Amino acid sequence: MEPFFPSIWNLLHDGNIARVERTIAGDMRVHVSIEYLRERFEGTGDKFIVTLLNCTEFSFRFYEAEHAVAGLDAIASESLSILSAEMVGPVCRVFADVGVIEFKCDGGSIKLDSGRQISLEDLIRETKVYWDQWGSKSKE
């Protein structure tokens, strides 16, 4: 079984971070828009919501900057395009087109913006089917 982090971000590569919010419980919710993958799941909507459980650290830094940007609105306003992710000890690093997000949390979950919870395995399966179909079409 794949670890939730960093796998979730590598599956959502090409997606754009549309919104980031902190909940009262100390979790973070990252809204990711990735239409071609979201339309593979039933229901209306165009985003996935990744929840970072008990997120104790969360920051974004532009590649050319020395210091991190703290404001969540500033992060979302960049409409970051997700490229890849890696774990560095307990820290997950999500590389985007213009910078890197780093966070520490106790775990994660994913749901559709319709409210339906999905599993990492569901997302892995649908992503594989999508890319297999895409590969077949590109060979034609």
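Coordinates for the structure precede this section.
Enquirer: Help me understand the environment of phenylalanine 103 in this model?
Expert: On the secondary structure map, phenylalanine 103 appears in strand E7 (residues 99-104). Here the alpha-carbon distance between phenylalanine 103 and glycine 43, two residues 60 residues apart in the chain, equals 30 Å. Each residue touching phenylalanine 103, except ones within four places of it in the same chain, is listed here: Phe5, Trp9, Leu52, Cys55, Glu57, Phe58, Pro90, Val91, Cys92 and Val94.

Enquirer: Explain the nonpolar core to me, please; I cannot follow it from the model alone.
Expert: The tendency in soluble globular proteins is for nonpolar side chains to be buried side by side. Formed by 35 residues in total, the largest nonpolar core has its most connected members in Ile8, Trp9, Leu12, Phe48, Leu52, Phe58 and Phe103. Per element, the largest residue contribution to this core is five residues, and it comes from helix H1 (residues 4-11). With residues up to four places along the chain from it excluded, the contact list for leucine 52 reads Phe5, Trp9, Asp27, Met28, Val30, Phe58, Phe103, Cys105 and Gly107.

Enquirer: I would appreciate a short explanation of the sheet that holds strand E5 (residues 82-88) in the present structure.
Expert: Strand order in the open sheet formed by four strands is E4-E7-E6-E5, and the pairing between neighbours is antiparallel. Whereas interior strands pair on both sides, the edge strands pair on one side only; in this sheet they are strand E4 (57-62) and E5. When the angles between neighbouring strand axes are averaged without regard to direction, this sheet yields 15°. Across six bridges, E5 lies against strand E6 (residues 91-96) in antiparallel orientation. Within E6, the residue paired with valine 88 across the bridge is valine 91. Where H1 meets the sheet, its contacts fall on E5, E6 and E7, and the angle it forms with E5 comes to roughly 170°.

Conventions we followed
Residues numbered from 1 in each chain as written. Predicted model: local features only at pLDDT ≥ 70, side-chain atom pairs only at ≥ 80, totals over all residues. Heavy atoms only, no water. Helix = DSSP H or I, 4+ residues; strand = E, 2+ residues; numbered from the N terminus. Contact = heavy atoms within 4.5 Å. Core = buried A, V, L, I, M, F, W, Y, C linked by side-chain atoms within 4.5 Å. Buried < 20%, exposed > 50% of the residue type's maximum accessible area, 1.4 Å probe, protein only. Pairing = 2+ DSSP bridges. Axes fitted to C-alpha atoms, helices over the stretch in contact; angles between N-to-C directions.

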